[in-house]
Amino acid sequence: MSTHYHINLFWSDEDACWVADVPDLTYCSAHGPAAEAALHEVQIAMALWLDVAAERGEAAPIPRYHPGIYAVRDAP
């Protein structure tokens, strides 16, 4: 896969598992009992998502999602 998409990886208390999702690929997500498992599964899902898009003659989406990075600063 030559295009790099951001992957959100987080623990879900509600689902009691790790969740990985790809904001640039609609509904592309996966889960697992460990972060590594969720990441592995979402990489498979991404490849399949892009394969289906190509079969439909659709271009791969341009990566647009950039997470915000926030720093916590002490009050002056």
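Now for a look at the structure at hand.

Calculation rules
Residues numbered from 1 in each chain as written. Predicted model: local features only at pLDDT ≥ 70, side-chain atom pairs only at ≥ 80, totals over all residues. Heavy atoms only, no water. Pairing = 2+ DSSP bridges. Helix = DSSP H or I, 4+ residues; strand = E, 2+ residues; numbered from the N terminus. Axes fitted to C-alpha atoms, helices over the stretch in contact; angles between N-to-C directions. Contact = heavy atoms within 4.5 Å.

1. Notes on the sheet that holds strand β1 (residues 8–12)
Taken together, the three strands give an open sheet; going across it, the order is β1-β2-β3, and neighbouring strands pair in antiparallel fashion. This sheet does not close on itself; its edge strands, each paired only once, are β1 and β3 (29–32). Going from strand to strand, the sheet's axes swing by 25° on average, the running direction of each strand aside. Sheet topology places β1 next to strand β2 (residues 17–21); five bridges connect them, and they run antiparallel. From the neighbouring strand, Ser-12 faces β2, where its bridge partner is Cys-17. The strands touched by helix α1 (residues 35–55) within the sheet are β1, β2 and β3, with β3 carrying the most contacts at an inclination of about 150°.

2. A word on the pairing of β2
Remark: a regular strand shows side chains that alternate across the two faces of the sheet. Count of turn residues in the β1/β2 antiparallel hairpin: four residues, of which Ala-16 carries a positive phi of about 55°. Bridge count for β2 against β3 is four bridges, and the pairing is antiparallel. Its bridge partner being in β3, Ala-20 is matched across the sheet by Ala-30.

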